[in-house]
Amino acid sequence: MEQQKISLVIPCYNEEEALPYLHSSLLAIAEKMDYAEFELLLVNNCSHDGTLKLMREYAQKDSRFKYISFSRNFGKEASMYAGLSYAGGDYVALLDADLQDPPDLLPEMYRCVTQEGYDCAAAYRQNRKGEPFFRSMFANVFYKLMGKISNVNIMNGARDFRLMSRKVVNAILSLEESERFSKGIFGWVGFKTKWIPFENMERVAGKTKLPFFSSLIYAFKGIVAFSTVPLVISSIAGLITCIAAIIYTVAVIVKQAVWNEAVSGYASQMCVMLFGFGFTLLILGIIGQYLAQIYLEIKNRPKFIIEEISEGLDS
Ligand code: UDP
Ligand code: MG
């Protein structure tokens, strides 16, 4: 029987320190899974260190290693999309370069999709050991909120780490939005997914490229991309404020007409005004986020630009 091909797609940004560990780990797993053919596709996000040099070396020595190098850093999302577009495998797995997504799970994932009838096997962290308190807290709130206000269900602790059959990959690629939020996209396309738990791992070397603030913005974009509930809440909150304002106005008029008691007080007026301005700006901000997404999508710019690509991938 012909061997099935597994493509591993790995986004890399300034990963010169982690790449040697990743390289040996990938070689080990390819040897362990010798029943499948491997394509090891590294996507360089215009790193400033020796990442690209290492990729060239790996590709030169071993034809299973291939790389795509971007003209600038288009972000992890664009790298995953590019990797999925160029991957030629019957199955495609996404994993990070820092070994926080343990390649040792790949045999189990492969077994699930080839023998247990799943279309996708995805890994999630059972715990967030070693992660800063605030990051875990916000992540927990985010997953709960996302589950309630959108029609995509994202497993708490889910990473982008997953192995998918070709039909899932094609479905993901058919969603061509440029403002991508892959965790939502994976949930949105559906398919039978096996969830595999694993212990949180520390990055093998180097520093995180996605600091807390960037993750917060990313999470916010995810909400905007997959839910219109914030707009509904804004409308309801606006309506409630209007009703409160009408009731208050009637009360002021009645007070003046019946008891001849004018409402006085600069302080109370300022409070109402500041609340009104703040509230209006908040709602405008929320609408603005949706407008920004429409604006970015409508331009329809390419999601990435390739500066260099390894031989055998350019077709
Ligand atoms: N990454 C990328 N482009 C970026 C930021 C990150 O390709 O702009 C890659 C990075 O090299 C790594 C993966 O995305 O392979 C996850 O990044 P990181 O480990 O820094 O994020 P964390 O695990 O801390 O959330
Ligand atoms: Mg990491």
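Thresholds, definitions, all that
- Residues numbered from 1 in each chain as written.
- Chains lettered and ligands numbered in written order.
- Predicted model: local features only at pLDDT ≥ 70, side-chain atom pairs only at ≥ 80, totals over all residues.
- Heavy atoms only, no water.
- Disulfide = S-S within 2.5 Å.
- Buried < 20%, exposed > 50% of the residue type's maximum accessible area, 1.4 Å probe, protein only.
- Helix = DSSP H or I, 4+ residues; strand = E, 2+ residues; numbered from the N terminus.
- Contact = heavy atoms within 4.5 Å.
- Near = heavy atom within 4 Å.
- Polar contact = N/O pair within 3.5 Å; in protein donor to acceptor, adjacent residues only side chain to side chain.
- Areas by Shrake-Rupley, 256 points an atom, 1.4 Å probe, with all protein chains shown as cover.
- Core = buried A, V, L, I, M, F, W, Y, C linked by side-chain atoms within 4.5 Å.
- Pairing = 2+ DSSP bridges.
- Right-handed = clockwise from strand over helix to strand, strands pointing away.

A. Expanded view of the state of the cysteines. Evaluation of the coordinates by the stated rule reveals 0 disulfides. Lacking any disulfide linkage, cysteine 12 is separated from the closest cysteine sulfur, that of cysteine 46, by 13 Å. Residue cysteine 12 is classed as buried on the basis of its relative accessible area, which comes to 1%.

B. Seen up close, the environment of leucine 19. Tracing the backbone shows leucine 19 in helix α1 (residues 19-32). Residue classification places leucine 19 among the buried positions, given a relative accessible area of 0%. The sequence separation of leucine 19 and alanine 205 amounts to 186 residues, and the corresponding C-alpha distance is 8.8 Å. If sequence neighbours within four positions are ignored, leucine 19 has contacts with Cys12, Thr51, Leu54, Met55 and Tyr58.

C. Representation of the site of ligand 1 within the structure. In the vicinity of ligand 1 there are 19 residues, among which Glu15, Asp98, Gln100, Thr208 and Lys209 approach most closely. Alanine 97 places a main-chain nitrogen or oxygen 2.9 Å from an oxygen atom of ligand 1. Note that an oxygen atom of ligand 1 is positioned 2.5 Å from one of the side-chain N or O atoms of threonine 208. The protein chains hide 90% of the 520 Å² of surface that ligand 1 would expose on its own. Elements represented by at least two residues in the shell around ligand 1 include exactly β1 (5-12) and α3 (75-86). Element by element, the count of residues in the shell around ligand 1 is highest for α3, at 3 residues.

D. Seen up close, the nonpolar core. Counting 40 residues, the largest nonpolar core has Phe70, Leu84, Met146, Met164 and Ile172 as the members making the most contacts within it. One finds Leu8, Leu19, Leu54 and Ala97 within the second-largest nonpolar core, a separate group that totals 38 residues.

E. Quick look at the pairing of strand β3 (residues 65-70). In terms of residue burial, β3 counts as a mostly covered element, since 6 of its 6 residues are buried. Burial of the side chains of β3 extends over both faces: Phe65, Tyr67 and Ser69 are buried on one face and Lys66, Ile68 and Phe70 on the other. One ladder, built from 5 bridges, connects strand β2 (residues 37-44) with β3; its direction is parallel. Paired with leucine 42 across the strands is tyrosine 67, a residue of β3. At this point the chain moves from β2, through helix α2 (residues 51-61), to the parallel β3, and the crossover so formed is right-handed. Bridge count between β3 and strand β8 (residues 306-309): 3 bridges; the pairing is antiparallel.

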